[in-house]
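Reading the structure
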Amino acid sequence: MQKVKNKWIKIGSEVLILASLFTLVQYLITAGLLNQYYQINLTSMCINVILAVSLSLINGFTGQLSLGHAGFMAVGAYVSVIITNMLDLPFIVGILVACLAAGLAGFIIGVPTLRLKGDYLAIATLAFGEIIRVTLQNIDYVNGPAGIMGITKLTTWPWLFGGTVLTVLVIVNLVNSSYGRAIVSIREDEIASELMGINTTKYKVLAFVIGAMFAGLGGAFYAHYFYIIKPETFNFLKSFDILVMVVLGGLGSTTGAIIAAVFITALTAALQSFPAIRMILYALILVIVMIYRPQGLMGNKELSIKIFGRIWSGRNEPDGNK
Amino acid sequence: MLEFTQQIINGLSLGAIYALIALGYTMVYGIIKLINFAHGDIMMVGAFVGYFSLTLLGTNIFVAMLAAMLTCAVFGVLIEKIAYRPLRNSTRIAALITAIGVSLFLEYMAIFLLGPSQKVFPDSAFPLKAYTLGGLSILNKDVFVFVSAVVLMLILQYIIKWTKTGKAMRAVSLDREAAVLMGISVDKTISITFAIGSALAAAAGVMVGVYYNTVNPLMGIIPGLKAFVAAVLGGIGIIPGAMVGGFVMGLLETMVSGYGNSLYRDAVAFGVLILILLIKPSGIFGEDTGEKV
C-alpha cells in the first residue's frame, strides 16, 4: 500500500517538475526574454538529448556499438522534409513517417549486421551510415550534395519538449520492462542470455529499430529548425558526436546520457569560434573517460528524484530495494 | 582492352597504397585485437612530415619518406603506450572508443596547428614524366609508388618470416600467454608492431602526397577506412591477406571510377565491406573459428 502511494507521489512530482519546466520556458519565449542564441542552443540540447538517449539504448543498454546513428538521423530529416515541404502535409505526419522510415532503415540494416559482434558491428554500422549519406548525395530529387534549403521552421518548443519527454519515457519504460531485462542481459553476457532462452537477435534488432526511430525524430526536428539540410551534416563525425555524449554519460544510464548531451551542447556553444579545440576536447574526453572511468560518469546508475530527496533530508542510506 | 589494361595500371599503384596502410591495420589487429582507428591519421601525419621535409628542408623524396617513417614509428609507439596500453585488459569496445578518440585527436590537432586548408605537394620533389608503352601511358609516379610499396612489403615479409622479432610477433599474435611463458616480452613486441605498422602508413602517406598532389589534415579518414576494408577483405590479422585485399580495393575503385559513377566510389568500398562481413567475416584467407566460451 505504502509502495503504491510512493509510486504515485513520485509520478506526481515528476509531472509537476516537467510541467513547470515547460511552462517556464514557454513563458520566457513568449515574453521575449529568451533571445535567439539561447533558443538555438535549447533546441540543439533537446535534439541532442533525443539522439543521445536513443543511441544509449543501442550502445549502452544493449551493448552493441553502433557508429551509424547520424545515418538514421539523416533518413528522418530527409523524409520529414519531403513530407512537409514537398508534399505539403502537416508536421505531425512528417514526424511520424520520418520515425517509421528511420525505423525501417534500422530494421533493414540491423537484421544482417547485428549477427556481427563488437568491432565488426561497429565498422559495419559506420559503413551503412556512410552509404546512406553517399546515397543521399546521389539522389537528384533531394538536390544531391547541395541539400535542401528553405525548410519551413516548424519545430517549436511544445514539439521539442513533447518529443524529448516522449523519447525518454519510452526508452526508460522499455529498459525497465521485461524486454529491457532481456536487452540488458545481452549486454552482460550474450551467450549466457541465449542459453537462458532469450532470442538475442530479436531483442538486438528491437533495440536497434527503436533507437533508429528516435534518431529519425531527432532528424525531423533538426531539419525543421535549422532551415537547411545536406548529406554532409550527417557524416560519421556526427555519429561520433552522439557517441561522445553516450560514453561520457555512462554506457547504460539514461540520465547520464541526458546530462552529457546538455553538457556537450553547452560546451559546443561556448567553443563555437574554436571548432578545432572543441573536437580536440571531444577526443580527450573519449580517451580519458575510457582510461580512467570506462563506465562513464554515471556508470549504469540513474539520477532520480529519490536521490535528491535523500540528499534533501540528509539521509544517506544504502539502497535497500535494489 | 587497351583501356582496361590502363585502368589496371592505374589501379595497381592505388592498390599498393591501400595495401601498405592495410598492413598496419592487420598487424595491430593480429596482435592486440584492436581496430586502430587512428591508423589512417598516422598516415596523414606521415604525409605532413614528408611535406615539410620536402618544402622546409628541401630533401629529396626518398629522404622525406624515410623521415616520415621514422617520425611515425615513434608516434605509433607513443600512441600505443599512452592510449592503448592502459586499456589492454579492458573490453574491446572501450579500446575501440579510445582509438576513435585518438583518431579525432590527431585530425583536429593537425587542423589546430596547421590550419584546415589543403597544402600542395611540391612538384619539384617529383617531376612528372609519362612513358608510353604500346599505347599505354605509364606515369613515373605510378611506378614510384608501386615499386617502393613492393620493396617495403618484401622487407616486411623478411622481418616477419626470418628475424627473431618477426617470430616473436607471430608468437604473440598466436597465443599471448604462451609467448610470455616462452620468455617473449609482449610489451616490446607490441611496441615494435606499432612502430612497423606506423612506418608503413607513413610511407603510404608520402605516396598519397605524390599520387594526389595535396595533403590536408583530414586526408587520412577515407583512405584509412578503405584500407581497413582491404584488411577485412583479405582476412584481418593475416599479412598476405592485407596485401591482396589492398590491391583488390585499388583495382575495384579505379574500375568503378573508370566505368561507372565516381561519386559512388566511396560507397563501393563500404558495400564490399558489408558483403564480406555478411558472407565471410573472416575474409578471403581467413579460417572460420568458433566462438570460445
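Worth saying up front: this structure is predicted, and the values here are computed from it rather than measured.

Counting its secondary structure elements, chain A contains 13 helices and zero strands. Over its C-alpha trace chain A gives a radius of gyration of 20 Å, about what one expects of a compact globule, namely 20 Å for 322 residues. Overall size of chain A, expressed as C-alpha extent along the three principal axes, is 60 × 55 × 40 Å. The burial tally for chain A puts 46% of its 322 residues in the buried class. For chain A, long-range pairs separated by at least 24 residues make up 81% of all intrachain contacts whose partners lie at least 6 apart in sequence.

Turning our eyes to something else, we now look at the overall build of chain B. When helices and strands are tallied, chain B shows eleven helices and four strands. Here chain B has a C-alpha radius of gyration of 19 Å; the compact-globule value for 293 residues is 19 Å, and the two agree. Each of the three principal axes of chain B carries a C-alpha extent, and together these read 60 × 45 × 35 Å. Per-residue burial for chain B yields a buried fraction of 52% across its 293 residues. Taking contacts inside chain B between residues at least 6 apart in sequence as the whole, the part at least 24 apart equals 76%.

According to UniProt, the "transmembrane region" (unreviewed entry) feature falls on residues 12–32, 52–79, 91–114, 143–160, 192–212, 227–251 and 263–279 of chain B. Annotated as 84% helix and 0% strand, the span residues 227–251 of chain B places its first and last C-alpha atoms 13 Å apart.

Residue and element names in this part refer to chain B. With respect to the helices and strands, the residue leucine 70 is situated in helix α3 (residues 61–84). In this structure leucine 70 comes out as partly exposed when scored by C-beta crowding, with 15 C-beta atoms within 10 Å. Note: C-alpha distance between leucine 70 and glycine 46 (24 residues apart in sequence) is 9.1 Å.

Moving on, we get to the domain arrangement of chain A. Segmenting chain A into domains produces domain 1 (1–34) and domain 2 (35–313). One C-alpha centre belongs to domain 1 of chain A, the other to domain 2 of chain A, and the line joining them spans 25 Å.

Each partner contributes to the interface: chain A provides 32 residues, whereas chain B provides 33 residues. Contributing elements (two or more residues each) for the side of chain A that touches chain B: α5 (118–137), α10 (236–249) and α12 (275–292) of chain A. Sort the elements by how many residues they give to the side of chain A that touches chain B and α5(A) lands first, with 13 residues. Residues that form the side of chain A that touches chain B fall into these classes: 26 nonpolar, four polar and two charged.

Residues and elements named next belong to chain A. When the pLDDT values of chain A are averaged, the result is 86; 93% of them are 70 or greater. Per-residue pLDDT, averaged within each element of chain A, yields its smallest value for helix α13 (residues 305–313) (61) and its largest for helix α9 (residues 200–223) (94). The low-confidence segment residues 316–322, where pLDDT is below 50, has one contact with residues more than four positions distant or belonging to other chains.

Two faces, one strand: in a regular strand the side chains alternate between the faces of the sheet. All names here are of chain B. Across four bridges, the pairing between strand β2 (residues 130–133) and strand β3 (residues 136–139) is antiparallel. Note on β3: the bridge partner recorded for threonine 132 is serine 137. Counted between consecutive antiparallel strands, the loop separating β2 from β3 contains two residues, among which glycine 134 sits at a positive phi close to 55°.

Let us now look at the nonpolar core. Burial of nonpolar side chains together is a common tendency in soluble globular proteins. Of all hydrophobic cores here, the largest spans 205 residues; its most connected members are B:Ile17 and B:Ala203. Excluding residues within four positions of it along the chain, B:Ala203 makes contact with B:Leu20, B:Gly46, B:Met65, B:Ala68, B:Met69, B:Ser148 and B:Leu152.

Residues and elements named next belong to chain B. Two elements in contact, helix α2 (residues 39–55) and helix α9 (residues 221–234), have axes whose closest approach is 8 Å; the angle formed by their N-to-C orientations is 130°. Considered as vectors, α2 and α9 are oriented oblique to each other. α9 is crossed by α2, and the crossing has right-handed handedness. Where α2 approaches α9, its residues His39, Gly40, Asp41 and Met43 are matched on the opposing element by Ile221, Pro223, Gly224, Leu225 and Ala227. Class assignment of the residues belonging to the contact of α2 with α9 gives a composition of five nonpolar, three polar and one charged.

The next point concerns unusual backbone geometry. Comment: phi is negative for the bulk of residues other than glycine, and the bulk of peptide bonds are trans. All names here are of chain A. Even without a glycine there, the phi angle at tyrosine 227 is positive, about 75°. Secondary-structure assignment places tyrosine 227 in the loop between α9 and α10. C-beta crowding within 10 Å serves as the criterion here: with 12 such atoms nearby, tyrosine 227 is assigned to the exposed category.

A separate point is the confidence of the model for chain B. For chain B, the mean per-residue pLDDT works out to 87, and 97% of the residues sit at or above 70. Scored by ipTM, the complex comes to 0.82, with pTM at 0.86.

What follows covers the packing of helix α3 (residues 69–86) of chain A against α5(A). Residue and element names in this part refer to chain A. One can describe the packing of α3 onto α5 by two numbers: an axis separation of 8 Å at closest approach and a directional angle of 35°. Two secondary-structure elements touch here, α3 through Ala70, Gly71, Ala74, Val75 and Tyr78 and α5 through Phe128, Gly129, Ile132, Arg133 and Leu136. Per-class residue counts for the contact of α3 with α5 are seven nonpolar, two polar and one charged.

The terminal C-alpha atoms of α2(B) lie 25 Å apart, and with 17 residues this matches the ideal 24 Å at 1.5 Å per residue to within 8%. Within α2(B), 15 of the 17 residues are buried, leaving the element largely enclosed by the surrounding structure.

Assignment of secondary structure puts B:Ser185 in the loop between α7 (176–181) and α8 (186–212). For the pair B:Ser185 and B:Phe270, spaced 85 residues apart in the sequence, the C-alpha separation amounts to 37 Å.

What counts, and at which threshold
- Residues numbered from 1 in each chain as written.
- Chains lettered and ligands numbered in written order.
- Predicted model: local features only at pLDDT ≥ 70, side-chain atom pairs only at ≥ 80, totals over all residues.
- Helix = DSSP H or I, 4+ residues; strand = E, 2+ residues; numbered from the N terminus.
- Rg over C-alpha atoms; globule rule 2.2 N^0.38 Å.
- Buried ≥ 20, exposed ≤ 12 C-beta atoms within 10 Å, placed from the backbone.
- Contact = placed C-beta atoms within 7 Å.
- UniProt positions renumbered as here; feature names shortened; annotations may be inferred.
- Domains from an automatic or database assignment.
- Nonpolar A, V, L, I, M, F, W, Y, C, P; charged D, E, K, R; others polar.
- pLDDT = per-residue confidence, 0-100.
- Pairing = 2+ DSSP bridges.
- Core = buried A, V, L, I, M, F, W, Y, C linked by C-beta atoms within 7 Å.
- Axes fitted to C-alpha atoms, helices over the stretch in contact; angles between N-to-C directions.
- Parallel < 35°, antiparallel > 145°, perpendicular 65-115°, else oblique.
- Left-handed = near helix turned anticlockwise from the far one by under 90°.
- Expected span 1.5 Å × (residues − 1).

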